[in-house]
Amino acid sequence: MQKQQPLFKNPAPKEWKASELSRNKIADYKAFNFVDGEGVRNSIYVSGCPFNCRGCYNRIVQNFNYGVPYTEELEQQIIDDLKHDYVQGLTLLGGEPFLNTTVLIPLVRRVREIYGNTKDIWSWSGYYYEELLQDTEDKIELLHLIDVLVDGRFDITKKDLTLQFRGSSNQRIIDVPQSLETGSMVLWKSGQYR
């Protein structure tokens, strides 16, 4: 009898480090899309994710060597694409964004410097919000720079295609600034970052 693959890997706090895992590669960049969060968005898909969730819809980007190197030209394209009034914000996906902080922290800082809070920043992560708060400084910094976090490993036993912006019912959509300010997790409400 063949052994069943576990649902996903569960790291200990600080076990996985971007400085050791990231190859600074990008699987894809999609400008002006409507699926990766609320409103019109520009989405960057980073490469590499060790959660290895069973049933992952984006399995190919679990490899940290997949894709192309992140470049200054791509960063400038993202910045330029955000300037349009109809673009609500930037989305960080993957792969695992919180294991690609060497790319994403400088990008998000630059977005904040140029656009302030006029553009919202979403991120999907296999990490739970509470795990990120206990992890490495770079993960905590990226968390503080974003507005909305869709957290948690994809759990195929809780798969639900009727959920907004999530694949399984264990995942949550979190208002990060409100959560950090109040000291407890606050769920996101549609339309609050327009």
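Refer to the structure above for everything that follows.
Here's what I pulled together on the structure shown here.

Rules used in this analysis
- Residues numbered from 1 in each chain as written.
- Predicted model: local features only at pLDDT ≥ 70, side-chain atom pairs only at ≥ 80, totals over all residues.
- Heavy atoms only, no water.
- Phe/Tyr/Trp six-rings, centres within 6.5 Å; stacked < 30°, edge-to-face > 60°.
- Helix = DSSP H or I, 4+ residues; strand = E, 2+ residues; numbered from the N terminus.
- Lys NZ or Arg CZ within 6 Å of the ring centre and 35° of its normal.
- Buried < 20%, exposed > 50% of the residue type's maximum accessible area, 1.4 Å probe, protein only.
- Arc of directions from axis to C-beta.
- Contact = heavy atoms within 4.5 Å.

### Some points on the packing of aromatic side chains
Stage number 1. Taken as a whole, this structure holds nine aromatic pairs when the rule is applied.
Stage number 2. With a centroid separation of 5.1 Å and 75° between ring planes, the pair formed by Trp122 and Phe165 is classed as edge-to-face. Here the residue Trp122 occupies a position in strand S5 (residues 120–124), and Phe165 occupies one in the loop between strand S6 (148–151) and strand S7 (172–175), the gap between them amounting to 43 residues.
Stage number 3. Grouped by ring-pair contacts, the aromatic residues Trp122, Trp124, Phe165 and Trp188 constitute a single cluster.
Stage number 4. Taking NZ or CZ as reference, Lys119 lies 5.9 Å from the ring centre of Tyr115, over its face.

### Section: helix H5 (residues 137–145)
Stage number 1. Of all the residues in H5, the buried ones are Lys139, Leu142, Leu143 and Leu145. Taken end-on, H5 shows its buried residues confined to a sector of 160°, consistent with a single buried face.
Stage number 2. Of the surrounding elements, those touching the buried residues of H5 are strand S4 (87–93), helix H3 (101–115), S5, helix H4 (129–133), S6 and helix H6 (176–182).

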